[in-house]
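# A closer look at the structure
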Amino acid sequence: MILGDIADSMARQVEAVGDTVSEAFFEPVIRLGVTGLARAGKTVFITSLVANLLDRGRMPGLLAQSEGRIVSAYLQPQPDDTIPRFEYENHLSALTAAAPHWPDSTRAVSELRLSLKVRPSGLLSGFQGPRVVHLDIVDYPGEWLLDLGLLDRSYADWSSEMLARLADREEAHDFLYATRAFANRDTWEEPDAQAIARAYTSYLEAARAAGYSDLTPGRFLLPGEMAGSPALTFAPLPPEDSAPRKGLWREMERRFEAYKSQVAKPFFRDHFARIDRQVVLVDALGAIHKGPRAVEDLRQTMTDILGAFRPGRNSFLSRILIGQRVEKILFAATKADHLHHTQHGALSGIMQALVRDAVDRAQFAGAQTDAMAIAALRATVEETLTHDGAPLDCVRGTLLNPDGTRGRMAAMYPGELPEDPARLLNPARQGQDTWLDGEYDLMAFAPAALRLKPGEGPPHIRLDRAAQFLIGDRI
Ligand code: GDP
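What comes next concerns the included structure. (Residues numbered from 1 in each chain as written. Predicted model: local features only at pLDDT ≥ 70, side-chain atom pairs only at ≥ 80, totals over all residues. Heavy atoms only, no water.)

Moving on: the pattern of salt bridges. Tallying each qualifying case throughout the model produces 24 salt bridges. The partner of Glu 251 in a salt bridge is Arg 254, with the nearest N and O atoms 3.0 Å apart. Residue Glu 251 and its partner Arg 254 are located together in helix H9 (residues 248-270), separated by 3 residues, close to a single helical turn. For Asp 433, the salt bridge goes to Arg 293, with nearest N and O atoms at 2.8 Å. Placement of Asp 433 in the loop between helix H15 (422-429) and helix H16 (463-471) and of Arg 293 in helix H11 (residues 292-306) is noted, with a sequence separation of 140 residues between them. Under the relative-accessibility criterion, Asp 433 is labelled exposed at 55%. Through salt bridges that share partners, Arg 31, Asp 80, Glu 111, Arg 113, Asp 136 and Arg 274 make up one connected network. (Salt bridge = Lys/Arg side-chain N within 4 Å of Asp/Glu carboxyl O. Helix = DSSP H or I, 4+ residues; strand = E, 2+ residues; numbered from the N terminus. Buried < 20%, exposed > 50% of the residue type's maximum accessible area, 1.4 Å probe, protein only.)

A few words on the sheet that holds strand E4 (residues 131-139). Adjacent strands of a sheet form backbone hydrogen bonds with each other and so pair up, either parallel or antiparallel. Across the sheet, which stays open at both edges, the 7 strands sit in the order E2-E3-E4-E1-E5-E6-E7 with mixed pairing between neighbours. The outermost strands of the open sheet, each flanked by one partner alone, are strand E2 (70-76) and strand E7 (368-373). Averaged over all pairs of adjacent strands, the angle between their axes in this sheet comes to 20 degrees, without regard to strand direction. Two strands pair when backbone bridges link them, and strand E5 (residues 277-282) and strand E6 (residues 328-333) are joined in this way by 6 bridges, in the parallel orientation. Opposite Gln 278, over in E6, you have Ile 329 as the bridge partner. (Pairing = 2+ DSSP bridges. Axes fitted to C-alpha atoms, helices over the stretch in contact; angles between N-to-C directions.)

Turning next to the nonpolar core. Counting 92 residues, the largest nonpolar core has Phe 175, Tyr 200 and Phe 268 as the members making the most contacts within it. The element contributing the most residues to this core is H9, with 10 residues. Two domains each donate at least three residues to this core, and these are domain 1 (3-140 + 271-378 + 453-474) and domain 2 (152-267). Every residue in contact with Phe 175, bar those within four places of it in the chain, is listed here: Leu 163, Leu 166, Ile 196, Ala 199, Tyr 200, Tyr 203, Ala 235 and Pro 236. With 41 residues, the next largest nonpolar core counts Ala 40, Val 50, Leu 62 and Ala 466 among its residues. (Core = buried A, V, L, I, M, F, W, Y, C linked by side-chain atoms within 4.5 Å. Domains from an automatic or database assignment. Contact = heavy atoms within 4.5 Å.)

For the coordinates displayed, the defined rule picks out 18 aromatic pairs. Aromatic pair Phe 220 and Phe 234: ring centres 5.1 Å apart, planes at 70 degrees, arrangement edge-to-face. Taken together, the residues Phe 220 in the loop between helix H8 (190-209) and H9 and Phe 234 in the loop between H8 and H9 connect sequence positions 14 residues apart. Classification of Phe 220 by relative accessible area gives buried; the value is 5%. By relative accessible area, Phe 234 is classed as buried at 0%. Ring pairing ties together the aromatic residues Tyr 155, Trp 158, Phe 175, Tyr 200, Tyr 203, Phe 220, Phe 234, Trp 249, Phe 256 and Tyr 259, which thus form one cluster. Sitting over the ring of Trp 144, Arg 219 keeps its end group 3.5 Å from the ring centre. (Phe/Tyr/Trp six-rings, centres within 6.5 Å; stacked < 30°, edge-to-face > 60°. Lys NZ or Arg CZ within 6 Å of the ring centre and 35° of its normal.)

Our focus in this paragraph is the site of the ligand. Near the ligand you find 18 residues, and of these Arg 39, Lys 42, Thr 43, Ser 105 and Asp 337 are the closest. Note that an oxygen atom of the ligand is positioned 2.8 Å from one of the backbone N or O atoms of Arg 39. At 2.8 Å from an oxygen atom of the ligand is found a side-chain nitrogen or oxygen belonging to Lys 42. Coverage of the ligand by the protein amounts to 95% of the 580 Å² it exposes when considered alone. Residue composition of the shell around the ligand, grouped by class: 9 nonpolar, 5 polar and 4 charged. (Near = heavy atom within 4 Å. Polar contact = N/O pair within 3.5 Å; in protein donor to acceptor, adjacent residues only side chain to side chain. Areas by Shrake-Rupley, 256 points an atom, 1.4 Å probe, with all protein chains shown as cover. Nonpolar A, V, L, I, M, F, W, Y, C, P; charged D, E, K, R; others polar.)

Here you go:
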């Protein structure tokens, strides 16, 4: 074990002891991680979850609520002084304004503490007064979990793998062209490194827009306060037999190692390792709309991301987790309000099938998992229209214009999702370009103007069931 790793595992042990002591003697803390790829719906999920836990009129599926045991819920200063607070109030006011709009998306890690005062259930209920349970919600980009694959890899290995993946991608053309000029050169200037890193970042951005999600390093697309620092100014370069000691290849290798130790590892150690419940949000409908390639890419990326929940896979992670593990993982297909409820079952089936490989492994590691279709914020109402003499189950809402402004009201029929997920996943695995037996149209909706009664949170679909699975057993 190298020195840095010993320090990592010692820091983690001290923290673990601290956690147990405070849990046993003081007030229990649930650390709920919320993750997913960009635009999966993390910000909207947390905002609506918190609003619905504060005003619980729409949360009958949360058992402690339907049993009348939640005495009160309130926000508190979070325990971690160095993590930005999740901007709950700003996000909620975006969603509840007179002309509501979607809030700004997740760009980095943030946290919020919500405390629940609950009466105990069962035998203890007669003897004990209410106790306080803290729910620490940690929001972080799923892209950052992809960095786990980097930690056990050398710069040469990572470069070869990335270059093989992007060789056939049109989006990588300019980047590949830029790298050619630097092969085997023994002198370089900082602007050269920056130009190559910029070209690589532009490739990652274009690849993401084209629907790819195998995009490492995870922090390049969401750099936060680290933008422009040397640890984020590198790119994969083709292997060199005897790379000059002062050449660009060696410098990129050094920066790659700095990224691993100073950017990627601290995230896993300080945030990821402390999570005990996790929800992974997936925009499965968005991928289905983009086509079979996007679905296959999503499936593979989910498998990569979820590798992080199987600590045995990675020696660094096993060390910092020391016996601690995520106890429950919920996979939630978001934005289910784009579908009439008659299709929600099919969407959860697709969600389940998408993460099956990864789930089998997580179960192996002892975590309890579930998959469901949810909408954190319901932006539509259901409507049955008559089309060619037959009833058609649609949803109706205010369309969102491409420039983000609110458009006209419209009814949408997104297509009939198959009951058997294999009918989507097989063509995706086989690399088909388009869906042959169906079309899946999707329109973006603006959030609906809300008129909430006292005690009611924003309208949602199955957010209460998601909360019951994630925290119900601890409150
Ligand atoms: P993040 O990048 O994971 O934080 O994603 P956001 O929470 O910002 O969501 C991205 C976009 O997805 C939002 O701007 C909305 O357009 C859409 N969205 C998210 N949740 C819902 C939902 O429950 N219903 C609908 N109709 N759209 C949603």
